[in-house]
Amino acid sequence: EDLEVRGTSRFIKQMVASQVNYKSKLMSMSGTSNNLAIEDSGSTIIFNSSTETRVYLPDSNANISVVGCFFNFIVTEGTGGPPKSIYVSDATNEDMYGSVQYYDDGDFDSIISSDGTKIKLTIADGATKGGINSHCTVTCVAQDKWYVTNANAYGVGGVATGWA
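Read on for a plain summary of the structure.

### Description of the sheet that holds strand S10 (residues 135-142)
Within the open sheet, the 7 strands sit side by side as S1-S3-S5-S10-S11-S7-S8. Their pairing is mixed. Each edge of the sheet is formed by a strand with only one pairing partner; in this case those strands are strand S1 (26-29) and strand S8 (107-118). Averaged over all adjacent pairs, the angle separating strand axes in this sheet is 20°, with direction ignored. As judged from the 4 bridges shared by S1 and strand S3 (residues 44-47), these two strands associate in the parallel manner. By the bridge assignment, Leu26 is partnered in S3 with Thr44.

Listed below in structure tokens is the structure:
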């Protein structure tokens, strides 16, 4: 017998959503010209290259659909490697906000926040700005505004800010 739905179909949507297994797309990055797209939202970006790596977030000024997109970043390379950085695409209009907790040789060192005028976060430079196990999530919360959360950077030998 057919099921007739009257009014809202919220219950059915909840039933369907509870049966879906979500799995994050993994993306390994290397090189200095990696551009993320809206369809990459929700992905986990893995910094595991022995070269400098730059990742550019989608331009939220050019496309309002970017609002709500988020990306997880993880460093799987040990200390001593070259920088791993996250950039906004539009350095004139877009800014990054948020805080990063820094750990020096395994011990908590400091929390360093962005004042909302930053266009780059170096999550790892192999030493003072973080290395293996450093991670963060970056979310577009409004047009031209990216917010960094769940950010921890693990370094050795004194911590330096990764914001620029």
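That was the structure; now back to the text.
### Points about the pairing of strand S5 (residues 70-75)
Covered by surrounding structure in S5 are Phe71, Phe73 and Val75 only, the residues Phe70, Asn72 and Ile74 on the alternate face being uncovered. Alignment of S3 against S5, held across 4 bridges, turns out to be parallel. Pairing of Ile46 across the sheet is with Ile74, part of S5. As paired elements, S5 and S10 share 5 bridges and run antiparallel to each other. Looking across to S10, one finds that Ile74 is bridged to His135.

### Some details on the environment of Asp105
Here Asp105 lies in the loop between strand S7 (95-104) and S8. With a relative accessible area of 59%, Asp105 lands in the exposed category. In this structure the C-alpha to C-alpha distance between Asp105 and Gly155, which are 50 residues apart in sequence, comes to 6.0 Å. Setting aside chain neighbours within four positions, we find Asp105 in contact with Gly155 and Val156.

### Some details on the packing of aromatic side chains
Under the counting rule described, the total for this entry stands at 5 aromatic pairs. The interplanar angle of 15° and the centroid separation of 5.8 Å between the aromatic rings of Phe47 and Phe73 together place this pair among those described as stacked. On the criterion of sequence distance, the pair formed by Phe47 in strand S3 and Phe73 in strand S5 is long-range, its members being 26 residues apart. Phe73 sits in the buried class, given a relative accessible area of 1%. With a centroid separation of 5.0 Å and an interplanar angle of 25°, the aromatic rings of Tyr56 and Tyr87 are classed as stacked. Of this pair, Tyr56 sits in strand S4 (residues 53-56) while Tyr87 sits in strand S6 (residues 84-87), and the two are 31 residues apart along the sequence. Of the two residues, Tyr56 and Tyr87, neither departs from the other in class, the shared state being buried. Through a chain of ring-to-ring contacts, three or more aromatic side chains come together here, namely Tyr103, Phe108 and Tyr154.

### Things to note about the pattern of salt bridges
For the structure on display, the rule yields 2 salt bridges. Between Asp40 and Lys25 there is a salt bridge, with the nearest N and O atoms lying 3.1 Å from each other. Placement of the pair is Asp40 in the loop between strand S2 (31-35) and S3 and Lys25 in the loop between helix H1 (10-18) and S1, with a sequence separation of 15 residues. Under the relative-accessibility criterion, Lys25 is labelled partly exposed at 43%. When the shortest N-O distance is used, the salt bridge between Arg54 and Glu52 registers 3.0 Å. A relative accessible area of 29% places Glu52 in the partly exposed class.

### A closer look at the nonpolar core
Counting 28 residues, the largest nonpolar core has Phe73 and Met96 as the members making the most contacts within it. When residues of this core are traced back to their parent elements, those giving at least two are S1, S3, S5, S7, strand S9 (120-124), S10 and strand S11 (145-155). Sorting elements by how many residues they give to this core places S11 first, with 4 residues.

Cut-offs applied
- Residues numbered from 1 in each chain as written.
- Predicted model: local features only at pLDDT ≥ 70, side-chain atom pairs only at ≥ 80, totals over all residues.
- Heavy atoms only, no water.
- Pairing = 2+ DSSP bridges.
- Helix = DSSP H or I, 4+ residues; strand = E, 2+ residues; numbered from the N terminus.
- Axes fitted to C-alpha atoms, helices over the stretch in contact; angles between N-to-C directions.
- Buried < 20%, exposed > 50% of the residue type's maximum accessible area, 1.4 Å probe, protein only.
- Contact = heavy atoms within 4.5 Å.
- Phe/Tyr/Trp six-rings, centres within 6.5 Å; stacked < 30°, edge-to-face > 60°.
- Salt bridge = Lys/Arg side-chain N within 4 Å of Asp/Glu carboxyl O.
- Core = buried A, V, L, I, M, F, W, Y, C linked by side-chain atoms within 4.5 Å.

It is worth stressing that arrangement in space is one thing and function is another; only the former is reported here.
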